[in-house]
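Analysis of the macromolecular model
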Amino acid sequence: MIRTALARAGLVAAATCAATLLTAAPAAAHGADAPNGTDYRTRVAGVTPARPGLTVRVIEAGARLELTNHTGRAVEVIGYSGEPYLRVGPDGVFENSHSPATYLNRTLAGDTALPADADPAAPPSWRRIADGTTARWHDQRALWQESTPPAEVRAAPEREHRIRDWTVPLRDGTDPLTIGGTLDWVPPPDAYTWWAVSIVGLLAVGALGLFAAASPAGVRALAALGALLVVGGAVAVGYPVGRELDAGAQGVGGVLSGLLSGQIWPLLTGLGAVAAGWYALTHRPAADFAVALAGACLALFAGVANAAVFARSVAPVPWPPEVARVMVAVVLITGVGATAAGVLRLHAASRAAAPAVPAP
């Protein structure tokens, strides 16, 4: 029976890996636009002169700007050469196919090749790209595009530095407007401390697998593992929800759409961990197998995938970065610890079920 369970675990793991490889392209594209963390903090000061109904904010850990226009009039975002780039108004969001910014802003790195008709001096050729009155775009004026930090940061990386004050011009009819903001370097946290805390925690959780499964202590250990998986799974679901909110998702429908299109694996593994935790709490057969498999998926898809936040000062969630690091640490501790404990319990059960070899 134990061998059968292990064989099934291998099949499930192989199927999971294959599915991950098959769906890696869309997930990677989403991740490129929404970084897992950064040390450059982008902030918006506001629109000058102010327009009631016209708001701008930073989303995706500073990777994009989001402009919402409820003025009832079309407002244009001006590109890098002074040409109209975006038009946001009551009839939707449009981009100028002749603007170089239309292509340069498609990726965070700004490395898209320009087509032959990308001419900022040409009359605008508007192309509708979205309904509604909200536009989101990468803007190189609000980002640090170089691979190495500025000279002042290299000289004193332990201090916070103002990199620059940035502006993005707008146009409301014939009236010029300006989005103003700041770009700062924020020293990253000590990643070794967070990894050390996570390792100590996962070792403590893994030690629950050392208790004999049939003993009262083993029964309590299984219940503790189940409770930890429920908590870790709930945290694992909450983190991608935060990422979608930080990426500009509006309402329950917007969050669900973003989760299903770009955060499907953290969502599924978090829900699976909650289900496996409940399974263990009810002392169902093969609970050890469920705990080990759910823990491995949780650690891989919701823990390791977000562990970059340990070494980044700005997290892609709408709450303080310290909270984000605690959440990722909880997921790692729960996932790796539950995997180790489940494997230990399965190994002990396998040895107990093995037939005794008669003495010669």
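For clarity, every value in this text was computed on a predicted model and none was experimentally measured.

Quick word on the overall build of the protein
- Helix and strand counts for the protein come out as 10 helices and 10 strands.
- Within the span of the protein, comprising 360 residues, buried residues form 45% of the whole.
- For the protein, the share of sequence-separated contacts (at least 6 apart) that also reach a separation of at least 24 residues comes to 68%.
- Accessible area of the protein: about 17,300 Å², with a carbon and sulfur share of 66%.

Comments concerning the pattern of salt bridges
- Evaluation of the coordinates by the stated rule reveals 18 salt bridges.
- Across the pair Glu95 and Arg127 runs a salt bridge, and its minimum N-O distance is 2.7 Å. Taken as a pair, Glu95 in strand E6 (residues 92-96) and Arg127 in strand E7 (residues 126-130) lie far apart in primary sequence, 32 residues in all.
- A salt bridge links Arg162 to Asp184; its shortest N-O distance comes to 2.4 Å. On the criterion of sequence distance, the pair formed by Arg162 in strand E9 (residues 161-172) and Asp184 in strand E10 (residues 175-185) is long-range, its members being 22 residues apart.

Structural notes on the environment of Gly218
- Following the sequence through the fold, Gly218 ends up in helix H6 (residues 216-246).
- Residue Gly218 is classed as buried on the basis of its relative accessible area, which comes to 0%.
- Separated by 10 residues in the primary sequence, Gly218 and Leu208 have C-alpha atoms spaced 7.7 Å apart.
- Dropping the residues within four chain positions of it, Gly218 is found in contact with Phe211, Ala212, Ala213 and Arg345.

Points about the sheet that holds strand E3 (residues 64-69)
- Within the open sheet, the three strands sit side by side as E2-E3-E8. Their pairing is antiparallel. Looking at which strands have only one partner, the edges of the open sheet turn out to be strand E2 (54-59) and strand E8 (134-137). Taken pair by pair, the neighbouring strands of this sheet meet at an average axis angle of 15 degrees, ignoring direction.
- Bridge count for E2 against E3 is six bridges, and the pairing is antiparallel. Opposite Thr55, over in E3, you have Thr68 as the bridge partner.

As for a nonpolar patch on the surface
- Nonpolar side chains collect at one region of the surface, where Trp195, Ile199 and Leu203 lie side by side and expose about 300 Å² of accessible area between them.
- The topology assignment puts Trp195 in helix H5 (residues 191-206).
- Owing to a relative accessible area of 35%, Trp195 belongs among the partly exposed residues under this scheme.

Some remarks on the environment of Glu322
- Positionally, Glu322 belongs in helix H10 (residues 321-353).
- The class of Glu322 is partly exposed, set by a relative accessible area of 46%.

Some points on the nonpolar core
- Ranked by internal contacts, the top residues of the largest apolar core, which has 32 residues, are Leu229, Tyr239, Val291, Leu298, Val309 and Phe310.
- When residues of this core are traced back to their parent elements, those giving at least two are H5, H6, helix H8 (264-281), helix H9 (287-303) and H10.
- Among the elements that line this core, the one with the most residues is H10, at nine residues.
- Apart from the residues lying within four places of it in its own chain, the contact partners of Phe310 are Pro189, Asp190, Ala191, Trp194, Trp195, Ser198, Arg325, Val328, Ala329 and Leu332.

Some details on the sheet that holds strand E4 (residues 75-78)
- An order of E1-E10-E9-E4-E5-E6-E7 is seen for the seven strands of this open sheet, with the pairing classed as antiparallel. Only two strands of the sheet have a single neighbouring strand rather than two, namely strand E1 (40-48) and E7. Recorded for the sheet is a direction-independent mean angle of 25 degrees between the axes of neighbouring strands.
- Here strand E5 (residues 84-89) runs beside E6; their pairing, made up of four bridges, is antiparallel. Considered in E6, the bridge of Gly89 is made with Gly92.

Overview of the packing of H6 against helix H7 (residues 251-262)
- Across the interface, H6 lies against H7 with an axial gap of 9 Å and an inter-helix angle of 115 degrees. Classified by the interaxial angle, the pair formed by H6 and H7 is roughly perpendicular. Relative to H7, the crossing made by H6 is right-handed. Between H6, through Pro240, Val241, Glu244 and Leu245, and H7, the contact on the second element is made entirely by Val255, Gly258 and Leu259.
- Its residues assigned to classes, the contact of H6 with H7 shows five nonpolar, one polar and one charged.

Re the side chain of Thr269
- As for its position among the elements, Thr269 is in helix H8.
- At 2.8 Å, the side chain of Thr269 forms a polar contact with the backbone oxygen of Trp265.
- Excluding its chain neighbours within four sequence positions, the residues that come into contact with Thr269 are Cys297, Leu298, Phe301 and Ala302.

About the cut-offs
Residues numbered from 1 in each chain as written. Predicted model: local features only at pLDDT ≥ 70, side-chain atom pairs only at ≥ 80, totals over all residues. Heavy atoms only, no water. Helix = DSSP H or I, 4+ residues; strand = E, 2+ residues; numbered from the N terminus. Buried < 20%, exposed > 50% of the residue type's maximum accessible area, 1.4 Å probe, protein only. Contact = heavy atoms within 4.5 Å. Areas by Shrake-Rupley, 256 points an atom, 1.4 Å probe, with all protein chains shown as cover. Salt bridge = Lys/Arg side-chain N within 4 Å of Asp/Glu carboxyl O. Pairing = 2+ DSSP bridges. Axes fitted to C-alpha atoms, helices over the stretch in contact; angles between N-to-C directions. Patch = residues over 30% accessible without salt bridge, like charges linked within 9 Å, V, L, I, M, F, W, Y side chains within 5 Å. Core = buried A, V, L, I, M, F, W, Y, C linked by side-chain atoms within 4.5 Å. Parallel < 35°, antiparallel > 145°, perpendicular 65-115°, else oblique. Left-handed = near helix turned anticlockwise from the far one by under 90°. Nonpolar A, V, L, I, M, F, W, Y, C, P; charged D, E, K, R; others polar. Polar contact = N/O pair within 3.5 Å; in protein donor to acceptor, adjacent residues only side chain to side chain.

Any link to function would need more than the numbers given here.
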